[in-house]
Every structure is written in structure tokens, then in C-alpha cells.
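What follows is the residue order along each chain.
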Amino acid sequence: QVQLVESGGGSAQPGGSLRLSCAASGNIFRVYNMAWYRQAPGKQRELVSDVTSGGSTRYADSVKGRFTISRNNAKKMVYLQMNSLKPEDTAVYYCNVEIWGGLTGTYDYWGQGTQVTVSS
């Protein structure tokens, strides 16, 4: 089994910063793509950013230049540094990781979600 544990959410004022972390553990032979999604109330879940095993990154247009995704392959962790936060960044943020478990195959796993609230 694989578990994803997220941390680092909370409240911030507009213009502030938060850093999210996600740690993967369990039956992991290899970690492929790692990503952060978010879901605001009444909206669909959307991709915020992802990073491949080779280090290539993508960002949603709404967060480009403000958010930075990174990963530590040895620790099986992915991070999201969020700067210049805006009220519209308020959402539940989910970690998503593609993992190869050997004979069990390759699957996507989701974290439990962490709330990020940006308000003055």
C-alpha cells in the first residue's frame, strides 16, 4: 500500500507565502510524475503544477511566477512554494503522485488534502 501525507496548509494574508509538502511512503519501486491540484468551493479540481521524474515542470497560468514546485526523489517528497498569495488561491490542495509498485503496477495516488485560505 501507498500513503501520501500532506502538510503545510493554513491561513495567509494576501501577498503572503505558504509551503506545502507531501511525503509518499509504502510499496514504492519508483515515483514518476508528482503534482499538486486544488479545488475551490463549487469548482472542479484543477491542476496547479506538476513535475516529472526528470525535473520538467508545468504550471497553471494563474500561478505562474508565484508558485514553485520541487521534488526530492530520495525522500519521495514533493513541495509547493506559494508566494504572493491571492484570495483566489483559497482552496483545498491535493498532492497526486504516480507510483510504480513493481508487480502491483503503476497507479495514481492522492493525498488527503490540505486547506489553504488567503484572506485579510
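Rules behind the numbers
- Residues numbered from 1 in each chain as written.
- Predicted model: local features only at pLDDT ≥ 70, side-chain atom pairs only at ≥ 80, totals over all residues.
- Heavy atoms only, no water.
- Helix = DSSP H or I, 4+ residues; strand = E, 2+ residues; numbered from the N terminus.
- Rg over C-alpha atoms; globule rule 2.2 N^0.38 Å.
- Core = buried A, V, L, I, M, F, W, Y, C linked by side-chain atoms within 4.5 Å.
- Buried < 20%, exposed > 50% of the residue type's maximum accessible area, 1.4 Å probe, protein only.
- Contact = heavy atoms within 4.5 Å.
- Polar contact = N/O pair within 3.5 Å; in protein donor to acceptor, adjacent residues only side chain to side chain.
- Disulfide = S-S within 2.5 Å.
- Pairing = 2+ DSSP bridges.
- Phe/Tyr/Trp six-rings, centres within 6.5 Å; stacked < 30°, edge-to-face > 60°.
- Lys NZ or Arg CZ within 6 Å of the ring centre and 35° of its normal.

Q: Where do I start with the overall build of the protein in this structure?
A: Looking only at helices and strands, one finds 0 helices and 11 strands in the protein. Going residue by residue from the N terminus, the α and β elements of the protein occur as β-β-β-β-β-β-β-β-β-β-β. Relative to its length of 120 residues, the protein is compact, with a C-alpha radius of gyration of 14 Å against a globular reference of 14 Å. For the protein, the spread of C-alpha atoms along the principal axes amounts to about 50 × 25 × 25 Å.

Q: Where do I start with the nonpolar core in this structure?
A: Nonpolar side chains in soluble globular proteins tend to end up buried together. If you look at the biggest cluster of nonpolar residues, it comprises 28 residues, and the most contacted ones within it are Trp36, Phe67, Val78, Leu80, Met82 and Tyr93. For this core, the elements supplying multiple residues, two or more each, are strand S1 (2-7), strand S3 (18-26), strand S4 (30-39), strand S5 (46-51), strand S7 (67-72), strand S8 (77-82), strand S9 (91-100) and strand S11 (114-118). With 5 residues, the single largest contributor to this core is S9. If near-sequence neighbours (up to four positions away) are discounted, Tyr93 is found in contact with Glu6, Leu20, Trp36, Tyr37, Arg38, Val48, Phe67, Leu80, Met82, Gly113, Thr114 and Val116.

Q: What is the right way to look at the side chain of Arg71 in this model?
A: The residue Arg71 is located in strand S7 in this model. There is a polar contact of 3.2 Å between the side chain of Arg71 and the backbone oxygen of Val51. Not counting chain neighbours up to four residues away, the residues in contact with Arg71 comprise Val31, Tyr32, Asn33, Met34, Val51, Thr52, Ser53, Met77, Val78 and Tyr79.

Q: Help me out: how do you make sense of the state of the cysteines in this one?
A: Any covalent bond linking the sulfur atoms of two cysteines counts as a disulfide. Applying the stated rule across the entire model yields 1 disulfide. What pairs with Cys22 in a disulfide is Cys95, and their sulfur atoms sit 2.1 Å apart. Here the disulfide of Cys22 and Cys95 is left-handed, its torsion about the S-S bond being about -75°. Remark: Cys95 occurs in strand S9 and Cys22 occurs in strand S3; sequence separation between them is 73 residues. Comparing Cys22 with Cys95 shows no difference in burial state: the two are buried.

Q: How do you make sense of the pairing of S1 when you look at a structure like this?
A: Where a strand is regular, its side chains alternate between the two sheet faces. Where burial is concerned, the two faces of S1 differ: the one with Val2, Leu4 and Glu6 is buried and the one with Gln3, Val5 and Ser7 is not. Pairing between S1 and S3: 6 bridges, direction antiparallel. When the sheet's bridge partners are listed, Val5 is paired in S3 with Ala23.

Q: How should I be thinking about the packing of aromatic side chains in this particular structure?
A: The way to describe two aromatic rings as a pair is by their centre distance and the angle between their planes. Scanning all chains against the criterion turns up 3 aromatic pairs. Arranged with centres 6.4 Å apart and planes meeting at 80°, the rings of Tyr94 and Trp110 form a pair that is edge-to-face. With a gap of 16 residues between them, Tyr94 in strand S9 and Trp110 in strand S10 (residues 106-110) connect regions that are remote in the sequence. Joined through ring pairs, the aromatic side chains of Tyr37, Tyr94 and Trp110 make up one cluster. One cation-aromatic arrangement involves Arg19 over Tyr79; the distance from NZ or CZ to the ring centre is 4.2 Å.

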